[in-house]
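Here's the letter readout for the chains.
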Amino acid sequence: MANIKLLEQLCALHGVSGDEEAVRDFILAQITPYTESAVVDAMGNIIAEKKGAQPAKTKLMLNAHMDEVGLIVTHIDSDGYLKFAPVGGIDKRVLCGRSVVIGGGVPGVIGAKPVHLMGADERGKAVPVGELYLDIGASSRQEAEKAVRLGDTVCFAAPFDTQNGMIRGRALDDRAGCAILIDMIQSDLPYDMTFVFCVQEEVGTRGSRTAAYQVRPQAAIVVETTTAADIAGVPEEKQVCRLGGGAVLSFMDKGTIYDRAYYDLALDTAREAQLPCQIKQAVAGGNDAGAIHASRDGVRTIAVSLACRYLHSAVGQIAQEDFRSTRQLIMKLAARIAGSAQV
Amino acid sequence: MEQLKELLFGLCSAAGTPGDEHFAAQQAKKALEPYCSDVAIDHMGNVIGFMGDKNAERQVMLDAHIDQIGMVVTHIDKDGFLHMAPCGGVDRRVLPGAPVTVYGREAFTGIVCCLPPHLAEDDGKVEPVDKMAVDLGLTKAEAEQKVALGDRILLSGRPCALLNHRVSSAALDDRAGCAALIRCAQLLSGKPLTCGLTILLSTREETGSQGAKTGTFRVFPTEAIAVDVSFADQPGVAGHKCGKLGAGPMIGVSPVLDREMKDKLIHIAKDEEIPYQMEVMGGTTGTNADVISTTRSGVRTALLSIPLRYMHTSVEVVDLEDIERTAVLMASYIHHR
């Protein structure tokens, strides 16, 4: 069963890249009783070995990333406003007017110049990131410094909601992947498998690089969210993937050309199990597969993703049925890969 | 201050777009009832409370508007997305990717459509509101069951406390003013008044002040104070165009405002050591004061403004101290002969 309650707990945690401790602690508590070993490496990745009914014929690593995009405080000015830099790819259009939480507990807002005081030329333009700032209510630098420190990370504050068969929440990228892997670890598996929960995906797939080196898998499944553009005003050929269309399989993105045989195997597995799946209709984005597939002498890698709208903004949206069916497909695909010897 | 914060958060959490202020009006009515002999909601949706002496010659009216900016559903497209028009002066730059609440058959959480950076054009352009749409995750048929054209949409934003008695929420424009009026009524309750006092929480300010216009006609006071919000200092806004957050109410000076009332407010603020600041305008004020003053044969009108940052976004910021001081200043003014 796909576990929405678990996902809600994961989405409530703050874990901007490089500051994933809260997410890591939560995941360790969830998985430790079900694993042979669960260790944290020098980068902060969790590497967990899970025993199955039989030894695997192919050493398989399943990957999800713990970190999320956010902001980092770079400067506190004399009036107590905080300047920031984005961590990971954030469109400046989604920052203005958002509520945030700084350093795990201090509420703040990203203000905007009142519409009444703007020139006509300003109204249709997003404010450049360099002109944005956080307001925590401090009236001086000294006051602000009592509440926040330079280098504190900043997360979007956003609701979690499951109306209308959807899941809306912050950091679904990639807590949804984490939830699926935790759920698998808490289940009985047919073969031994390695699970890694990685740090720093959003700043250059850096955690998975060292995790893949350490684990040295023969095959990898990257469990991710990917860009669904099936929204108003986007023509069909540019929608990339659709909510409700099932797991998304990639043949290629900006970081990886995926293993063709595993890609075909995933399609066959979905067809045989009568699980919906769709193909990502764009060569866009990238994920931990980019680092994993080129690790050491190469790792046969596939990405199975959840279609997610509004990636890298305050609140994303996935479909509950995709969350369920993707979890099922990954379970079956993992069993087939781990259960077949490499030739 | 804790009590004032609770009052304000309660008011901000109740929806009230122009012409559809029902929830906010009910919330405000409940908050006013302990202090007024009579509170009613009229057919324009205005909340009108009365206290003091009905027969006194001096009849004072305090006004704040209860509506807030939002959007209205204009179309449900073939894929179930809601298209919309602004209901009041919405800042479109805060809309892409924003969580919103759609007040359909029930309250639904939605998101304003936007593309992720992986796919978006890097031109920083923000579309006009009529080119944006709200995603409820529904098909057209489902959406039509749950949402009607004309239903309202609000930016979601839970009120939150910042440092220094400062708070952030959507709708502080002008629930901050409503809170000041209710707090003023509380300060005046229990002591007999020598005048009559009407509290008018008026509708539709953001679309043309029709609530204040009709409400004032009904009340026809001998003098009125309108309480709204005005621009507070923030980066990127010239200091001479705004007040300072936390420095007290801004007393309005303008050709359309009553000079004597303004002088009396300044005099009382000085006497009672209530911090205040001046806001000078060269013509109409862009508030309800403009229509209140020309109602029937005319009403002497003053304007107090509560400094506010980030007006018309979902993260407006005010200082609770400014609301409290506005209430105290009005209470003293009303007691003063």
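Residues numbered from 1 in each chain as written. Chains lettered and ligands numbered in written order. Predicted model: local features only at pLDDT ≥ 70, side-chain atom pairs only at ≥ 80, totals over all residues. Heavy atoms only, no water.

Visitor: Could you give an account of the overall build of chain A, naming the residues involved and the relevant values?
Guide: For chain A, the helix and strand inventory stands at nine helices and 16 strands. If one aligns the C-alpha atoms of chain A with their principal axes, the spans along those axes are about 65 × 45 × 35 Å. Considering only contacts in chain A between residues 6 or more positions apart, those separated by 24 or more positions represent 76%. Counting only carbon and sulfur atoms, one obtains 49% of the accessible surface of chain A, whose full area is about 12,500 Å². Distance between charge centroids for chain A: 3 Å, based on 35 positive and 41 negative side chains. (Helix = DSSP H or I, 4+ residues; strand = E, 2+ residues; numbered from the N terminus. Contact = heavy atoms within 4.5 Å. Areas by Shrake-Rupley, 256 points an atom, 1.4 Å probe, with all protein chains shown as cover. Lys, Arg positive; Asp, Glu negative; His and termini not counted. Charge placed at Lys NZ, Arg CZ, Asp CG, Glu CD.)

Visitor: A description of the nonpolar core should follow, citing residues and the corresponding values.
Guide: Core analysis: the biggest nonpolar cluster contains 63 residues, and Leu62, Leu201, Ile225, Ile323 and Ile334 of chain B have the highest contact counts within it. No other element matches helix 4 (residues 172–188) of chain B, which puts 10 residues into this core. Excluding residues that lie within four positions of it along the chain, Ile334 of chain B makes contacts with Arg58, Val60, Leu62, Cys184, Leu188, Leu193, Cys195 and Leu197 of chain B. Formed by 62 residues, the second largest nonpolar core is a distinct cluster that contains Val100 of chain A together with Ile76, Leu95 and Cys113 of chain B. (Core = buried A, V, L, I, M, F, W, Y, C linked by side-chain atoms within 4.5 Å. Buried < 20%, exposed > 50% of the residue type's maximum accessible area, 1.4 Å probe, protein only.)

Visitor: I'd like a description of the domain arrangement of chain A, backed by residues and values.
Guide: One frequently used descriptor of interface size is the decrease in accessible area upon assembly of the parts. Residues and elements named next belong to chain A. For chain A, the assigned domains are domain 1 (4–68 + 170–339) and domain 2 (70–156). Computed from C-alpha atoms alone, the centre-to-centre distance between domain 1 and domain 2 is 31 Å. Tallying the contact residues gives 12 residues for domain 1 and 14 residues for domain 2. Taken over both partners, the interface formed by domain 1 and domain 2 buries close to 980 Å², and the fraction arising from carbon and sulfur atoms is 65%. In terms of surface lost to domain 2, no three residues of domain 1 exceed His14, Val16 and His312, which account for 48% of the buried area on that side. (Domains from an automatic or database assignment. Buried area = accessible area lost by both parts, 1.4 Å probe.)

Visitor: For the packing of helix 4 of chain B against helix 8 (residues 320–335) of chain B, give the residues involved together with the corresponding values.
Guide: Residues and elements named next belong to chain B. Two numbers describe how helix 4 lies on helix 8: the axes approach to 8 Å, and their chain directions differ by 45°. When the axis of helix 4 is compared with that of helix 8, the two are oblique. Here helix 4 runs over helix 8; the crossing is right-handed. Contacts between helix 4 and helix 8 involve Ala176, Ala179, Ala180, Leu181, Arg183, Cys184, Leu187 and Leu188 from the former and Ile323, Glu324, Thr326, Ala327, Val328, Met330, Ala331, Ile334 and His335 from the latter. Here the residues of the contact of helix 4 with helix 8 sort into 13 nonpolar, two polar and two charged. (Axes fitted to C-alpha atoms, helices over the stretch in contact; angles between N-to-C directions. Parallel < 35°, antiparallel > 145°, perpendicular 65-115°, else oblique. Left-handed = near helix turned anticlockwise from the far one by under 90°. Nonpolar A, V, L, I, M, F, W, Y, C, P; charged D, E, K, R; others polar.)

Visitor: I'd like to hear about the packing of aromatic side chains, residue by residue, with values.
Guide: In this structure the tally under the stated criterion is four aromatic pairs over all chains. With 5.1 Å between their ring centres and 70° between their planes, Tyr81 of chain A and Tyr133 of chain A make a pair best called edge-to-face. Linking Tyr81 of chain A in the loop between strand 4 (70–76) and strand 5 (82–87) with Tyr133 of chain A in the loop between helix 3 (120–123) and strand 8 (134–135), this pair joins segments that are 52 residues apart in sequence. Like Tyr81 of chain A, the residue Tyr133 of chain A is buried in the burial classification. Here the aromatic rings of Tyr133 of chain A and Tyr310 of chain B are separated by 6.3 Å at their centres, their planes lie at 50°, and the arrangement is tilted. Here Tyr133 of chain A is found in the loop between helix 3 and strand 8, whereas its partner Tyr310 of chain B is found in the loop between strand 16 (300–308) and strand 17 (316–319) on a different chain. (Phe/Tyr/Trp six-rings, centres within 6.5 Å; stacked < 30°, edge-to-face > 60°.)

Visitor: Tell me about a nonpolar patch on the surface, and name the residues and values.
Guide: Taken together, the side chains of Phe251, Met252, Ile257 and Val283 of chain A define a hydrophobic patch exposed on the protein surface, amounting to about 340 Å² of accessible area. Its place among the elements puts Phe251 of chain A in the loop between strand 13 (247–249) and helix 7 (260–273). (Patch = residues over 30% accessible without salt bridge, like charges linked within 9 Å, V, L, I, M, F, W, Y side chains within 5 Å. Salt bridge = Lys/Arg side-chain N within 4 Å of Asp/Glu carboxyl O.)

Visitor: Run through the pattern of salt bridges, naming residues and quoting values.
Guide: Tallied over the full model, the rule gives 31 salt bridges over all chains. Note that Arg300 of chain A is salt-bridged to Asp259 of chain A, the shortest N-O span being 2.9 Å. You can see Arg300 of chain A sitting in strand 15 (residues 300–308) and its partner Asp259 of chain A sitting in the loop between strand 13 and helix 7, a full 41 residues away along the chain. Across the pair Asp258 of chain B and Arg300 of chain B runs a salt bridge, and its minimum N-O distance is 3.4 Å. Remark: Arg300 of chain B occurs in strand 16 and Asp258 of chain B occurs in the loop between strand 14 (250–253) and helix 6 (259–271); sequence separation between them is 42 residues. Using a relative accessible area of 36% as the deciding quantity, one classes Arg300 of chain B as partly exposed. Salt bridges linked by common partners bring Glu68, Arg170 and Arg175 of chain A together as one network.

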